[in-house]
Amino acid sequence: LDNAGAYSAVALLDGATTAELASPVLASGSVAVAADSRAAASAATKSFGLGLLAVGVSVVDAEVRAAAAARASILSSVRSSGAVSVTAAAANAATATTDAASIGLVSVGVSIPTAAIAAATRAELRAGLDAQGLSVVATGTNTATTTVALVSVGVVSGSGAGAVAEVRDTATVIAEVAAGTASVLAGTGALVVRATSTNTATASAKGTSGALVGVQGLVSSARVDAATRALVAAGPVTSGAATVAASAGNSVDATTDIFGIAVIGISGVPGLTDAGSAAKAIVGTAAEVRAAVAAGTSLAATGVLTVSATTREGSGAHATLGSGSGGGVDIGGFYAQALVQAPVTATYDGDVTAARGVAVTANGRADVTASVSATSIALGSIAGGAVDAEVQTTADVTARYGTGVLVLTSGTVTIAAVVDNDVTATTDMVGGGVVVVGVSVPTARIDASTTADFGGRLTGGTGLGVRATADNTVTATSGARAYAGIGVTSSSAAAIVSSDAVTQARILSGATVDA
């Protein structure tokens, strides 16, 4: 008569992919070091329980762990009459799925699926070089997907789920020249240091319940914390054209859908705390996009120098909660949060002793949306919806040329920071019955700054441009409607671009221009 079950599925991937040159190369026609990884971890459970007491608990864990990193490295000095390349590429996927149903006099279902990627992708040169061209390129694609579906039917019914999808802070994509004070001489060939990432985390939780007394609590959480970095730190550097570029596409989506019919029903999440958030999508502070040339590096280029950090179109955070419920007494609390916290930074802190133009650019894009939509038809209904959509203070976009020497043989200097942030928070609360109480509180906010700075000592060339451009749009829409004998509603929407969201282009004190 009783049916109780515990179900688990685990898929863990730990195998590394490594290509390494650790011995000096005294002479060669060309050198190529490459690591290419494809990793997929998938875990799933399906369960059905039928009895007077029906209980099902599912735990699913699918991970590409930190040990499964892809790395291509040159660790000793190289001489070559041709080009040298270091390439690391990885495509990592983690998928966790649970599908559970329980029917009983007392019916309980709990599912906790997690999909996570923690493996880094790294291409690196950690020694001196004398060649005709250098390419250090890291490309990483990380996709974490979690899906949970619960059905619970009983006289007394309870269901809960926590769907988590993460690209963790160890899943960095890094292209790096870290030669210390050694020379990196690419001759007249191009110098390319490029890191490109595509990080996607998607979490979906769906629950359906029918009971005399029913309780549902569903949480979806999607998060990206992986950095994308292109870095150069060396002594003397020579090249034709020189490019140091970091580009990221970070997208997080969290979706929670709840449907319940009960004489006494509690749906959504009564406590609007971090532990009880119904839908949360976050691009964390650690997911920085950074292109940087360090102090102590002295570049002489016969072409144009470009340092760029970019978040590509489509990057952002999206949290969506939808609820439909009905019965005798219905109580619901719902929360959706979407945050972008990651900075975008392009900096040159060394010297340039020759170049045909210099461009240091940071381009930040963020599409941030959070919404709650809830409909309740009951004799008595109490529902609250809170929404938080933000580009936070840590998500500054900065382009900077430091205090070093800058000598142009021709061309111009451009320092540019460009931002396009769209933040939208929406609530739509509808209640019908004898007594209806509805509260709706959406907030859309931007606190991040946009800065372009020049502090160098410019000689030669035909001009200097320092530009900061920000297009910041915030929209908050609040809806709370009651169709009732006694109806009480409260709506409070806030759309804020705060005083922290400054836009500034500066030629700093101590800078000199002789163009």
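Residues numbered from 1 in each chain as written. Predicted model: local features only at pLDDT ≥ 70, side-chain atom pairs only at ≥ 80, totals over all residues. Heavy atoms only, no water.

Some words on the overall build of the chain
The helix and strand tally for the chain stands at 0 helices and 32 strands. In terms of its C-alpha atoms, the chain occupies a principal-axis envelope of roughly 80 × 45 × 25 Å. Counting only contacts in the chain whose residues sit at least 6 apart along the sequence, the fraction spanning at least 24 positions is 87%. With an accessible surface of roughly 18200 Å², the chain has 58% of that area assigned to carbon and sulfur atoms. If the 23 positive side-chain charges of the chain are averaged to one point and the 33 negative ones to another, these points end up 7 Å apart. (Helix = DSSP H or I, 4+ residues; strand = E, 2+ residues; numbered from the N terminus. Contact = heavy atoms within 4.5 Å. Areas by Shrake-Rupley, 256 points an atom, 1.4 Å probe, with all protein chains shown as cover. Lys, Arg positive; Asp, Glu negative; His and termini not counted. Charge placed at Lys NZ, Arg CZ, Asp CG, Glu CD.)

A word on the environment of leucine 339
Positionally, leucine 339 belongs in strand 20 (residues 316-340). Considering only alpha carbons, one finds leucine 339 and alanine 366, 27 residues apart in sequence, at a separation of 9.7 Å.

Some thoughts on the packing of aromatic side chains
Counted by the stated rule, this structure contains 2 aromatic pairs. With 5.3 Å between their ring centres and 0° between their planes, tyrosine 348 and tyrosine 401 make a pair best called stacked. In this pair, tyrosine 348 is assigned in strand 21 (residues 344-348) and tyrosine 401 in strand 24 (residues 397-401), connecting sequence segments 53 residues apart. By the burial criterion, tyrosine 348 is buried, and tyrosine 401 matches it. (Phe/Tyr/Trp six-rings, centres within 6.5 Å; stacked < 30°, edge-to-face > 60°. Buried < 20%, exposed > 50% of the residue type's maximum accessible area, 1.4 Å probe, protein only.)

Considerations on the sheet that holds strand 21
Taken together, 10 strands build an open sheet; the order of strands is 2-4-7-10-13-17-21-24-27-31 and the sheet is parallel. A single partner strand is all that each edge strand has here, and the edge strands are strand 2 (17-21) and strand 31 (503-507). Within the sheet, the average angular offset between the axes of one strand and its neighbour, ignoring direction, is 5°. Where strand 7 (residues 121-125) and strand 10 (residues 173-178) come together, 5 bridges link them in parallel fashion. (Pairing = 2+ DSSP bridges. Axes fitted to C-alpha atoms, helices over the stretch in contact; angles between N-to-C directions.)

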